[in-house]
Amino acid sequence: MKILFATGNKNKIAEAGTLFGELGYDVEGLLVNGNRPNFIEPQCNSLMEVALSKIIQARAMIKNSDLEGCAILVEDSGIFIDSIENFPGVFSSFIFETIGLSGILKLLENSQDRGAEYRCVTILDWNGKIYHSNGICKGKLGKKEVGTSGFGYDPIFIPHEGKGRTFSEMTEIEKSSISHRSNSLRGLLTYLQHPSK
Ligand code: IMP
């Protein structure tokens, strides 16, 4: 069974593919006229609102096409930093593109409290039913960028379960075993395996 993941981020598709693949589901990136979907991100205060907007937009993109009726997956995620009142949260992407990791590290320069967590909301539109799930990965922020894999905040995020390494120092499989996205996707898999839940 195929699931179309509506995202422009190849890392996210790979992460979902690793997890769903083990159970026989095939995850592919949704392409509309050969292009990855380009969502209009609404000004919202929660990941759930953004994810809901994405599923509505994704459905509209495939309406009256061969893909109408396919299983569609969307997600929204971000990093929430304890000492700056959970900022940047829903603005993670914007802050990454504007001040970057060096800007974040500068903001926290004098902060002893390095606690942070990634959060993720996933929504699956499957056979006309909508399933949603949340995932969290708790950790702390390092003082410099370390590692080369992953994307976004991974070079400075040190998950509690990662033996002191950043996500960028882990393989895709290691990150997938503990990440916020995988934790959220596991919730969706539970629904698929036990639809009455
Ligand atoms: P969006 O969910 O694509 O709107 O973006 C969320 C933003 O949060 C990304 O652009 C990244 O900056 C950050 N983010 C979310 N998940 C991860 C992750 O697994 N690794 C690194 N950065 C992430």
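Residues numbered from 1 in each chain as written. Predicted model: local features only at pLDDT ≥ 70, side-chain atom pairs only at ≥ 80, totals over all residues. Heavy atoms only, no water.

K.L.:
Just give me the short version of the packing of aromatic side chains, but keep the residues and values in it.
P.N.:
Across all of its chains, the model carries seven aromatic pairs by this definition. Their ring planes at 70° and their centres at 6.0 Å tell us that Phe20 and Tyr25 sit as a pair that is edge-to-face. Taken as a pair, Phe20 and Tyr25 share a single burial class, namely buried. Between the aromatic rings of Tyr131 and Tyr191, the centroid separation amounts to 5.5 Å while the plane-to-plane angle is 25°, which identifies the pairing as stacked. Of this pair, Tyr131 sits in strand E6 (residues 129-141) while Tyr191 is found in helix H6 (residues 180-193), placing the two residues 60 residues apart along the sequence. Counting every residue linked through ring pairs, the aromatic cluster contains Phe20, Tyr25 and Trp126. A cation sits over an aromatic face here: Arg119 above Phe80, 3.9 Å from the ring centre. (Phe/Tyr/Trp six-rings, centres within 6.5 Å; stacked < 30°, edge-to-face > 60°. Buried < 20%, exposed > 50% of the residue type's maximum accessible area, 1.4 Å probe, protein only. Helix = DSSP H or I, 4+ residues; strand = E, 2+ residues; numbered from the N terminus. Lys NZ or Arg CZ within 6 Å of the ring centre and 35° of its normal.)

K.L.:
Kindly report on the pattern of salt bridges, identifying the contributing residues and their values.
P.N.:
Two side chains carrying opposite charge are able to pair once their charged atoms lie near each other. All told, the structure shown has 13 salt bridges when counted by the stated rule. Close ionic contact of Glu75 with Lys12 constitutes a salt bridge, the shortest N to O distance being 2.5 Å. Taken together, the positions of Glu75 in strand E3 (residues 71-81) and Lys12 in helix H1 (residues 10-21) put the pair 63 residues apart, joining distant regions of the chain. One exposure class covers both Glu75 and Lys12, and it is buried. Two residues, Glu75 and Arg181, come together in a salt bridge whose shortest N-O distance is 2.8 Å. (Salt bridge = Lys/Arg side-chain N within 4 Å of Asp/Glu carboxyl O.)

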